[in-house]
Amino acid sequence: MGLWTILEGFLLLANSLAILNEDRFLAPRGWGLSEFSGGRTKSFKGQLIGLIYATQYLRVPLILLNSIFIIVKLVSG
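Given the structure is predicted, the values throughout are model-derived calculations rather than measurements.

Novice: Lay out the packing of aromatic side chains in plain terms, naming residues and giving numbers.
Specialist: Going through the model one piece at a time under the given rule, you end up with 1 aromatic pair. A ring pair is formed by Trp4 and Phe69, whose centres lie 4.5 Å apart and whose planes are at 20°; its orientation type is stacked. In this pair, Trp4 is assigned in helix 1 (residues 3–18) and Phe69 in helix 4 (residues 59–76), connecting sequence segments 65 residues apart. Judged by its relative accessible area of 13%, Phe69 falls in the buried class.

Written out as structure tokens, the structure is:
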């Protein structure tokens, strides 16, 4: 397993976090941002929610990274 495979895995993980919908998936399970806007953001659950919202905020760079990975895979085979 090389560095490229690890980077692809992290990109797939970021893609999976970026597509989670707050209204349909996160809020009914108690993972909404409004529930963790207080001082409880130091917990693991609070940090995970922060990571989910950070990946959703950075969708445009994520689209660019996906495009770069697709082009490299098409060129390299």
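Novice: Tell me about helix 1, and name the residues and values.
Specialist: Between its terminal C-alpha atoms helix 1 stretches 22 Å, which fits the 22 Å expected from 16 residues at 1.5 Å a residue. Those residues of helix 1 not exposed but buried are Leu11, Ala14, Asn15, Leu17 and Ala18. The buried residues of helix 1 occupy an angular sector of 165° when the element is viewed end-on, so they sit on one face. Contact partners of the buried residues in helix 1: helix 3 (44–57) and helix 4.

Novice: For the environment of Gly50, give the residues involved together with the corresponding values.
Specialist: Within the secondary structure, Gly50 sits in helix 3. Distance in space between the C-alpha atoms of Gly50 and Gly32 is 9.9 Å, their sequence separation being 18 residues.

Novice: Any details on the pattern of salt bridges? Residues and values, ideally.
Specialist: Across all of its chains, the model carries 1 salt bridge by this definition. For the salt bridge of Lys73 with Glu8, the shortest nitrogen-to-oxygen distance reads 3.4 Å. Of this pair, Lys73 sits in helix 4 while Glu8 sits in helix 1, and the two are 65 residues apart along the sequence.

Definitions and limits used
Residues numbered from 1 in each chain as written. Predicted model: local features only at pLDDT ≥ 70, side-chain atom pairs only at ≥ 80, totals over all residues. Heavy atoms only, no water. Phe/Tyr/Trp six-rings, centres within 6.5 Å; stacked < 30°, edge-to-face > 60°. Helix = DSSP H or I, 4+ residues; strand = E, 2+ residues; numbered from the N terminus. Buried < 20%, exposed > 50% of the residue type's maximum accessible area, 1.4 Å probe, protein only. Expected span 1.5 Å × (residues − 1). Arc of directions from axis to C-beta. Contact = heavy atoms within 4.5 Å. Salt bridge = Lys/Arg side-chain N within 4 Å of Asp/Glu carboxyl O.

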